[in-house]
Amino acid sequence: MSLDWPRLQRALAIETERGFCNLQGNTYRFNEYLHQALTQTPLQHLPLSVRDRWQETAAAYAQYNDLSPSQRQHLVVQTRQLLHDVHKHLTSPPPPPRPLNQALKTVKGIGDRTAAKLEKLGLYTVADLVYYFPRDHIDYARQVPIRQLQAGETVTVVGKVRRCNCFTSPRNAKLTILEIILQDYSGQIRLSRFFAGARYAQRAWQEQQKRLYAPQTIVAASGLVKLTKYGLTLEEPQLEVLDRADAAIDSLTVGRIVPLYPLTEGVSSDLIRRAVNCVMPLVQGYADPLPPALRQQYHLIPLERALCHIHFPPDRAQLSQARRRLIFDEFFYLQLGLLQRRWQRQQQASAPLRPQGELLEQFYQWLPFQLTGAQQRVVAEILADLERPTPMNRLVQGDVGSGKTVVAVIALLAAVQSGYQGALMAPTEVLAEQHYRKLLEWLTPLHVPVELLTGSIRQAKRRQILSQLATGELPVLVGTHALIQEGVTFQRLGLVIIDEQHRFGVTQRAKLQAKGLLPHVLTMTATPIPRTLALTLHGDLDVSQIDELPPGRRPIQTTVLTRSDRPYAYDLIRREVAQGHQATLYCP
């Protein structure tokens with residue numbers, strides 16, 4: 001911060017000695033110097049609360065001549081305290097990094113080599129690793145006698161080594177096989193582990209394994225029970241030597257619920273488990289952002305415990321509690337983000353549109369059918385949004401044939417009669433052309449021009465459309481992704497309608513909205529989403545539902561078919577086409 005602290009403090013001290021008379025200096029009066037010095041000081045290194053105090057103090061010196069002596073004294077005292085606080089903040093050493101922000105390579109037990117491997121997964125800090133949740137868990141916590149083993153189960157058995165052999169495979173010189181016969185009071189089982197690599201083929205390593213699993217040694221083995229031609233065994237068993245049969249199993253893989261992680265080349269689940277185990281002490285005492293009252297209301301465990309138990313759960317019940325807490329957090333912060341986005345949008349200004357006017361009245365009179373009660377309700381909600389000075393952001397749900405298009409046309413006419421342009425974007429050319437034909441049928445009698453813009457439109461026609469769009473001669477444009485391409489310029493875009501909005505990405509939708517100055521946005525979908533789920537997925541949207549079909553419209557029948565039902569589906573299509581009906585196939 002470029003500020004002459006001694007000179008500023010000296011000026012404040014002299015002003016205090018002279019009785020707060022707004023002393024005249026060589027160039028400026030006291031208040032002019034303070035106002036200029038404080039105003040021109042960069043504030044980016046200060047906390048937000050301190051910046052507010054700083055700016056208020058700078059503004060106060062502009063009114064210094066209008067203050068009474070006691071008010072001047074109070075301001076000078078406040079300024080001296082503010083300067084002291086800011087100087088202390090800028091000169092004090094930075095706080096130590098929070099434990100979860102610590103680089104992995106600095107954590108005891110991890111080191112540079114392991115950290116370099118973890119970077120392949122995008123894991124650089126303790127927080128990255130702690131929040132790298134397992135993709136699955138294997139339950140080795142259930143300990144059973146050998147006689148009770150059943151194929152397909154994941155279990156742990158404990159017994160004495162009856163015989164151990166470690167040798168190089170006669171068929172592959174780089175493959176080493178460790179065979180152990182493990183026996184408990186109920187029976188015995190043959191266990192085999194395979195090690196690929198030249199170092200395992202060395203005689204010294206093989207002899208070391210024989211000594212480790214010598215006869216009468218007590219071993220715990222965990223794995224998936226598998227039936228082979230030699231009988232039951234454990235597939236790729238995890239082994240741990242115990243001091244005695246009833247000793248606690250102190251292992252990251254044996255006799256417990258074992259986490260499995262998403263992997264990449266050169267990074268094993270075992271490496272990640274060891275690294276996670278190293279950072280677990282740093283999670284202890286981690287501050288929980290959710291207040292105790294909220295955790296109690298929803299029966300949630302503390303975040304610290306959830307982070308520990310999602311990686312190394314003591315049992316299935318505590319794993320379930322950890323999952324529940326972390327899932328709650330994910331949805332909770334998603335909702336907070338959506339609510340923040342909604343709030344920010346509501347602070348923006350958009351042009352209010354007129355829900356009543358001659359154009360809409362003519363359309364209602366010309367329309368050859370009556371709107372259903374559901375359509376009337378949704379139209380009222382949309383027109384009420386368009387009247388407000390903040391941009392609309394509404395989702396309209398309704399089955400195929402429920403009349404979403406006529407609702408969209410009414411919104412478009414409200415924009416046109418208010419002097420704005422409207423755009424309707426569909427995900428495919430077939431759907432865009434279908435909308436275009438319907439709008440052409442409805443808007444032509446009202447003398448409202450409408451055009452279609454897709455990738456297959458000829459260049460001459462495209463240039464004509466873009467010219468009319470830029471001058472405002474064209475009030476309504478229907479199209480596909482072509483609407484968001486460079487060169488498509490609206491003169492006064494006031495309403496954006498997006499059909500089947502889930503088929504477009506966030507960036508694509510944002511590009512179309514950016515063609516105007518905070519236009520109103522109406523999105524439509526025929527995908528059936530329960531209202532509660534819709535509010536969860538689209539928390540920044542207002543949701544309207546057309547839950548009533550027009551009179552005479554047959555209800556939609558939905559059937560799920562498997563691959564084996566393909567002949568039936570094709571036969572159904574043939575029968576419908578033979579009767580003069582239409583069929584549509586959608587391919588991803």
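Residues numbered from 1 in each chain as written. Predicted model: local features only at pLDDT ≥ 70, side-chain atom pairs only at ≥ 80, totals over all residues. Heavy atoms only, no water.

Asker: Can you help me understand the sheet that holds strand 2 (residues 154-168) in this one?
Answerer: Hydrogen bonds between backbone atoms are what pair the strands of a sheet, whose relative direction is either parallel or antiparallel. Reading across from one edge, 4-3-2-5-6 is the order of the 5 strands in this open sheet, with antiparallel pairing throughout. Where the open sheet ends on each side, the last strands, each with one partner, are strand 4 (187-196) and strand 6 (231-242). Averaged over all neighbouring strand pairs, the angle between strand axes comes to 45°, with direction disregarded. Sheet topology note: the strand 5 (residues 218-228)/strand 6 ladder contains 10 bridges and is antiparallel. Counted as the bridge partner of L227 is L232 from strand 6. Contacts between helix 7 (residues 203-212) and the sheet are confined to strand 2, strand 3 (175-184), strand 4 and strand 6, with strand 2 contributing the most and set at about 140° to the helix. (Pairing = 2+ DSSP bridges. Helix = DSSP H or I, 4+ residues; strand = E, 2+ residues; numbered from the N terminus. Axes fitted to C-alpha atoms, helices over the stretch in contact; angles between N-to-C directions. Contact = heavy atoms within 4.5 Å.)

Asker: Any chance you could explain the pattern of salt bridges here in plain terms?
Answerer: Side-chain pairs of opposite charge can arise where the charged atoms are in close proximity. Inspection of the entire model under this criterion finds 17 salt bridges. One salt bridge connects D270 with R274, and the closest N-O pair in it is separated by 2.4 Å. Pair noted here: D270 and R274 are both in helix 8 (residues 269-283), with a separation of 4 residues, about one helical turn. Residue D270 is classed as partly exposed on the basis of its relative accessible area of 31%. (Salt bridge = Lys/Arg side-chain N within 4 Å of Asp/Glu carboxyl O. Buried < 20%, exposed > 50% of the residue type's maximum accessible area, 1.4 Å probe, protein only.)

Asker: Quick question: what am I supposed to make of the pairing of strand 7 (residues 257-260) here?
Answerer: Put simply, side chains in a regular strand alternate between the two faces of the sheet. Side chains I257 and P259 project from strand 7 onto one buried face, and the interleaved V258 and L260 project onto a second face that is buried too. Bridge count for strand 1 (residues 136-139) against strand 7 is 4 bridges, and the pairing is antiparallel. When the bridges of strand 7 are listed, I138 appears paired with V258.

Asker: Help me out: how do you make sense of the side chain of T156 in this one?
Answerer: Within the secondary structure, T156 is located in strand 2. For T156, a relative accessible area of 1% translates into the label buried.

Asker: Explain the side chain of R462 here, please?
Answerer: Within the secondary structure layout, R462 lies in helix 16 (residues 459-471). Sequence-distant contacts of R462, defined by excluding residues within four places in its chain, comprise L453, I457, Q485, E486 and V488.

Asker: Sorry, what's going on with the nonpolar core here?
Answerer: One broad trend across soluble globular proteins is that nonpolar side chains are buried collectively. Grouped together as the largest cluster of nonpolar side chains are 45 residues, with contacts concentrated most on F363, I382, L386, L413 and L443. Counting only elements with at least two residues in this core, the list comes to helix 12 (358-366), helix 13 (373-387), helix 14 (404-417), helix 15 (429-443), strand 10 (450-453), strand 11 (476-479), strand 12 (493-499) and strand 13 (520-525). Looking at which element gives the most residues to this core, the answer is helix 14, with 11 residues. When neighbours within four sequence positions are excluded, L443 is seen to be in contact with V409, L413, V448, V450 and V476. Counting 34 residues, the second largest nonpolar core, distinct from the first, contains L104, A127, I301 and A306. (Core = buried A, V, L, I, M, F, W, Y, C linked by side-chain atoms within 4.5 Å.)

Asker: Where do I start with the sheet that holds strand 10 in this structure?
Answerer: Strand order in the open sheet formed by 7 strands is 10-11-9-12-13-8-14, with parallel pairing between adjacent strands. The open sheet is flanked by strand 10 and strand 14 (542-546), the only strands paired with a single partner. Along the sheet, successive strands turn relative to each other by an average axial angle of 20°, direction set aside.

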